[in-house]
Amino acid sequence: PSVCRPSRTRIVVRAETSVASPINPNIQKENPKVVDTVTTSSVEKQVAYCRCWRSGTFPKCNGAHVAWNKETGDNVGPLLIKKD
Ligand code: FES
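Cut-offs and rules
- Residues numbered from 1 in each chain as written.
- Predicted model: local features only at pLDDT ≥ 70, side-chain atom pairs only at ≥ 80, totals over all residues.
- Heavy atoms only, no water.
- Helix = DSSP H or I, 4+ residues; strand = E, 2+ residues; numbered from the N terminus.
- Buried < 20%, exposed > 50% of the residue type's maximum accessible area, 1.4 Å probe, protein only.
- Contact = heavy atoms within 4.5 Å.
- Areas by Shrake-Rupley, 256 points an atom, 1.4 Å probe, with all protein chains shown as cover.
- pLDDT = per-residue confidence, 0-100.
- Polar contact = N/O pair within 3.5 Å; in protein donor to acceptor, adjacent residues only side chain to side chain.
- Phe/Tyr/Trp six-rings, centres within 6.5 Å; stacked < 30°, edge-to-face > 60°.
- Lys NZ or Arg CZ within 6 Å of the ring centre and 35° of its normal.
- Core = buried A, V, L, I, M, F, W, Y, C linked by side-chain atoms within 4.5 Å.

Draft legend 1. Region of the structure containing the overall build of the protein chain. Within the protein chain one finds one helix and two strands. Going residue by residue from the N terminus, the α and β elements of the protein chain occur as β-α-β. Sorting the 84 residues of the protein chain into buried and exposed places 19% on the buried side. Of all intrachain contacts in the protein chain linking residues separated by at least 6 positions in sequence, the fraction that spans at least 24 positions is 48%. Accessible surface, the protein chain: about 7,600 Å² in total, of which carbon and sulfur atoms supply 51%.

Take a look at the structure:
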């Protein structure tokens, strides 16, 4: 009589490491840290500063976050600096 044995399958599960992609795709990549400073006395009217890193007028917002949000389902928007 033949013996029916369950086949043994070895399953190996490995965790893959992934390097998170940077949020900043291409702005001032030559600098180790991009910092922009705004003082309230320098603001004459409302200014919108980009937080999505996709603005063509960085550091100011040019509305590029709208396309980014639509493409990715993200919800980023600018930092608004308003005069008192
Ligand atoms: Fe980046 Fe508007 S373009 S927050």
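This is not the end of the story, as more comes after the structure.
Draft legend 2. Quick look at the confidence of the model for the protein chain. Confidence in the prediction of the protein chain, expressed as mean pLDDT, is 82, and 82% of residues score 70 or more. When mean pLDDT is taken per element in the protein chain, helix 1 (residues 64-72) scores highest with 92 and strand 2 (residues 79-81) scores lowest with 89.

Draft legend 3. Highlighting the environment of E44. Looking at the secondary structure, you find E44 in the segment before strand 1 (47-49). Taking the relative accessible area as the measure of exposure, E44 reaches 61% and is therefore exposed. C-alpha of E44 to C-alpha of I81: the two residues are 37 residues apart in sequence and 9.8 Å apart in space.

Draft legend 4. Just the side chain of S55, in detail. Tracing the chain through its elements places S55 in the loop between strand 1 and helix 1. Here T57 takes part through its backbone nitrogen, which lies 3.0 Å from a polar atom of the side chain of S55. At a separation of 3.4 Å, a polar atom in the side chain of S55 contacts the main-chain amide nitrogen of N62. Ignoring anything within four residues of it in the chain, the contact list for S55 reads I27, C50, K60, C61, N62 and A64.

Draft legend 5. Structural detail: the packing of aromatic side chains. Using the criterion set out here, one finds one aromatic pair in the structure. Aromatic side chains W53 and F58 sit 4.9 Å apart centroid to centroid with 25° between the ring planes, which places their arrangement in the stacked category. The same class applies to W53 and to F58, which are both buried. Stacked on the ring of W68, the Lys or Arg R54 has its end atom at 3.7 Å from the ring centre.

Draft legend 6. Inspection of the nonpolar core at higher detail. Residues I27, V34, C50, C52, W53, F58 and V76 constitute the largest nonpolar core, which totals seven residues. Residue contacts for F58: discarding those within four places in its chain leaves I27, V34, D36, C50 and W53.

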